[in-house]
Amino acid sequence: MKLLQFLTSLTRWPRRAILVLITILSFAAMPAMAEDPIRIGAVKSLTGPASYIGGPQGNTLELMVDQINQEGGVLGRELELILYDDATNPERARTMMQRLLTQDRVSAVIGASLTPTTLAMEPLAARHGILMISQAGSRVVVSPVRKWLFAVPESEELVANETYDHMVKNGIRKVALLSSTAGFGRSARQTYLESAEKYDRIEVVMDETFAEGDSDMTAQLTRIRGNAEVEAIILLDVGNEPAIIARNHAALGIEVPLYSTHGLAAPEFPALAGPAAEGMRIPSPAMLVAEQLPKGSTERDLGMAFRKLYQDRSGSEPNTFAGYAHDALLLLVDAIRRAGSTDPAAIRDSLEQTRDLVGVSRSYTYGPDNHGGLYKESGMRIVEIRNGGFVLID
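The following refers to the structure shown. (Residues numbered from 1 in each chain as written. Predicted model: local features only at pLDDT ≥ 70, side-chain atom pairs only at ≥ 80, totals over all residues. Heavy atoms only, no water.)

A word on unusual backbone geometry
Stage number 1. A cis geometry characterises the amide bond from Gly-111 onward to Ala-112, with omega recorded as 10°.
Stage number 2. Positionally, Ala-112 belongs in the loop between strand E3 (108-110) and helix H5 (115-128).
Stage number 3. A cis geometry characterises the amide bond from Ser-143 onward to Pro-144, with omega recorded as 5°.
Stage number 4. Summarising the element assignment, Pro-144 is placed in the loop between helix H6 (139-142) and strand E5 (149-151). (Helix = DSSP H or I, 4+ residues; strand = E, 2+ residues; numbered from the N terminus.)

Some details on the packing of helix H13 (residues 320-339) against helix H14 (residues 344-352)
Stage number 1. The contact between H13 and H14 brings their axes to 8 Å, and the two run at 110°. By the angle between their directions, the pair H13 and H14 is classed as roughly perpendicular. Crossing of H13 against H14: the hand is right-handed. Taking contact as the criterion, the partners of Leu-331, Leu-332, Ala-335, Ile-336, Arg-338 and Ala-339 in H13 are, on H14, Ala-346, Ile-347, Ser-350 and Leu-351.
Stage number 2. A class-by-class count of the residues in the contact of H13 with H14 yields 8 nonpolar, 1 polar and 1 charged. (Axes fitted to C-alpha atoms, helices over the stretch in contact; angles between N-to-C directions. Parallel < 35°, antiparallel > 145°, perpendicular 65-115°, else oblique. Left-handed = near helix turned anticlockwise from the far one by under 90°. Contact = heavy atoms within 4.5 Å. Nonpolar A, V, L, I, M, F, W, Y, C, P; charged D, E, K, R; others polar.)

Points about the sheet that holds strand E2 (residues 79-85)
Strand pairing in a sheet is mediated by backbone hydrogen bonds. Such pairs are either parallel or antiparallel.
Stage number 1. Strand order in the open sheet formed by 5 strands is E2-E1-E3-E4-E5, with parallel pairing between adjacent strands. Lying at the two open borders of the sheet, with one neighbouring strand each, are E2 and E5. The average angle at which neighbouring strand axes cross in this sheet is 20°, direction not considered.
Stage number 2. One ladder, built from 7 bridges, connects strand E1 (residues 38-44) with E2; its direction is parallel. Residue Arg-39 lies in a different strand from E2, and its bridge partner there is Glu-80.
Stage number 3. Contacting E1, E2, E3 and strand E4 (131-134), H13 runs over the sheet at an angle of about 165° to E3. (Pairing = 2+ DSSP bridges.)

Okay, structure coming up:
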């Protein structure tokens, strides 16, 4: 579809939503000039335990960069994506980041997929003065604020409060936490404990943990099952272990519902966990269930447009993490456009001035004291896994 026809079909949309699409198409009416391309680096977990997160993110960046270049590029220049695989390994992520900064000479970096890989890369971004946009959702990524590091996902505190709100609406007051002692799980555990203390209608009556790489959490779940006070379990982790926990939960016949974080809001998770995932409740960005949102809403239209583009190009459904990569590139393109420059410092300053930019996951506003994740209210929805898919329940 031609750009003019496409935008004409969207005249019913709010002005800001249309501006977002114009941004991601990057001045389609302007022909690309014969200048050097704008080099954008990315480090993603394309392989390893977090490949279900990093793989779709890499696919998204490639298809969006291709789309932008087909429509004329940014500032009259093509984008060149230099994408590396960290294999879900923090040390490799650091090595790839070093290569991007010292050999490839990129103007900005999108990455990483996870908290440990993000934190391994960030000191290099700070040392070289290069903007880095992470798709990791841990609070430690955005608090305290780091000059060169920004994040796309909502903070764990917002997600925790959204989960607690849903629980209270459904008569759940006493919960058990089951979290990993590493990375995202460790940070999320602290956040959920602190949020429960502030949220006076929720009480954490059990706090169980497991180590990264553990292959059976039956012992922890058996202890939880033995506590009659527990009305729900909150699983705090990403990777392979949550699928094991879902199977353990089903095998033990535990009747109280199993909740998780937004880190499992991906079609790959129920496929990995199998029937044991049925009934799990997960906070998710609207994009994952866009077709279930009210017809005519901006969130539905933006989410459906991205999902169609992704499906047409990759042959599969995008997950939540693909949406975060989409929004990271959207934010970066918008910042470069407003800066009118590819100077790393100018791009960073421009991104920090972002206000109300609508993406497929939420609307984004940054500032000197907020480099991501901190918003007045959550844009998450609560979904439930049914028949291997996600159904909007709140």
